[in-house]
Amino acid sequence: MYSYSKLQTFWLVALRMVIGWHFLYEGIVKVLNPKWTSLGYLMDSQGWFASFFHSMAGNENTLNVINLLNEWGLVLIGLGLIAGCFARPASIGGILILLLYYLSHPPFVGSENLFMLPREGAYLWIDRNLIEIAALALLYVFPTSRIFGLDGYITRFIKTKHL
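Parameters and conventions
- Residues numbered from 1 in each chain as written.
- Predicted model: local features only at pLDDT ≥ 70, side-chain atom pairs only at ≥ 80, totals over all residues.
- Heavy atoms only, no water.
- Helix = DSSP H or I, 4+ residues; strand = E, 2+ residues; numbered from the N terminus.
- Contact = heavy atoms within 4.5 Å.
- Areas by Shrake-Rupley, 256 points an atom, 1.4 Å probe, with all protein chains shown as cover.
- Patch = residues over 30% accessible without salt bridge, like charges linked within 9 Å, V, L, I, M, F, W, Y side chains within 5 Å.
- Salt bridge = Lys/Arg side-chain N within 4 Å of Asp/Glu carboxyl O.
- Buried < 20%, exposed > 50% of the residue type's maximum accessible area, 1.4 Å probe, protein only.
- Expected span 1.5 Å × (residues − 1).
- Arc of directions from axis to C-beta.
- Axes fitted to C-alpha atoms, helices over the stretch in contact; angles between N-to-C directions.
- Parallel < 35°, antiparallel > 145°, perpendicular 65-115°, else oblique.
- Left-handed = near helix turned anticlockwise from the far one by under 90°.
- Nonpolar A, V, L, I, M, F, W, Y, C, P; charged D, E, K, R; others polar.
- Phe/Tyr/Trp six-rings, centres within 6.5 Å; stacked < 30°, edge-to-face > 60°.

Draft legend 1. Inspection of the overall build of the protein chain at higher detail. If you tally the helices and strands in the protein chain, you get seven helices and zero strands. Start at the N end of the protein chain and walk to the C end: the helices and strands fall as α-α-α-α-α-α-α. Long-range contacts, defined as pairs at least 24 residues apart, comprise 73% of the intrachain contacts of the protein chain with a sequence gap of at least 6. Carbon together with sulfur atoms contributes 71% to the accessible area of the protein chain, which is approximately 10,200 Å² in total.

Below is the structure:
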């Protein structure tokens, strides 16, 4: 079992909750907007992997799958983190989706002039996606969902069934 102080547990759970809320909210906004599509974001991609993201946007079937995975992936990752249910796999899913966002719109010198979509600020290699990736990696390494979350109940249930 993991042994954290009360203060460590509080802040790790708080971090899990706020990141979970961010994912859940972003997903719900997309799910509830029938006109939402990732087309513009993908076509605005720059950098080394731009052709990969442009090719995804260029195929309607692929784009529909990406839209579905993006919308519901965000919702499920958010719910998993907030509820502490499969929080470690949710952290990995969050890292993967944020890594795709980062690679699609890398914060390199001069890139702010390349993108059609507005950016929040001027970044040099490190942006909010990379910061959130680091936070999710921290949550993966220091899990709290067995202390405060449904994963604890699931673990105890499985242990009692196998004894």
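The rest of the description comes next.
Draft legend 2. Molecular detail of a nonpolar patch on the surface. Among the surface-exposed residues, F86, L150, Y153, I154, F157 and I158 lie close enough to one another that they form a single nonpolar patch of about 610 Å² accessible area. Counting through the fold element by element, F86 comes out in the loop between α4 (60-83) and α5 (87-104). Look at F86 and you get exposed, because its relative accessible area is 51%.

Draft legend 3. Structural context of the environment of I97. With respect to the helices and strands, I97 occurs in helix α5. Here the alpha-carbon distance between I97 and I133, two residues 36 residues apart in the chain, equals 9.3 Å. If near-sequence neighbours (up to four positions away) are discounted, I97 is found in contact with F23, N70, L74 and I77.

Draft legend 4. The arrangement of helix α7 (residues 150-161) in detail. Relative to the 16 Å expected for twelve residues at 1.5 Å per residue, α7 spans 17 Å between its end C-alpha atoms, a close match to the ideal helical length. Turning to α7, its buried residues are D151, G152 and T155. All buried residues of α7 project into a common sector of 105° when viewed along the axis, lining one side. Pointing more than 90 degrees away from the buried face of α7 are the exposed residues Y153, F157, T160 and K161.

Draft legend 5. Structural context of the packing of α4 against α5. Relative to each other, α4 and α5 sit at 140°, their axes nearing to 9 Å. As far as their axial angle goes, α5 and α4 are oblique. The handedness of the crossing between α4 and α5 comes out as left-handed. Between α4 and α5, the contacting residues are N70, L74, I77, G80 and L81 on the first element and A87, A90, S91, G93, G94, I97 and Y101 on the second. Grouping the constituent residues of the contact of α4 with α5 by class yields seven nonpolar, five polar and no charged.

Draft legend 6. Just the packing of aromatic side chains, in detail. Tallied over the entire structure, the rule returns five aromatic pairs. With a centroid separation of 6.2 Å and 65° between ring planes, the pair formed by Y4 and F142 is classed as edge-to-face. Remark: F142 occurs in the loop between α6 (128-141) and α7 and Y4 occurs in the segment before α1 (6-32); sequence separation between them is 138 residues. The buried category is assigned to Y4, whose relative accessible area is 19%. On the accessibility criterion, F142 (37% relative accessible area) is partly exposed. Seen in terms of ring centroids, F52 and F53 are 5.2 Å apart; in terms of plane orientation they differ by 70°. Their pairing is edge-to-face.

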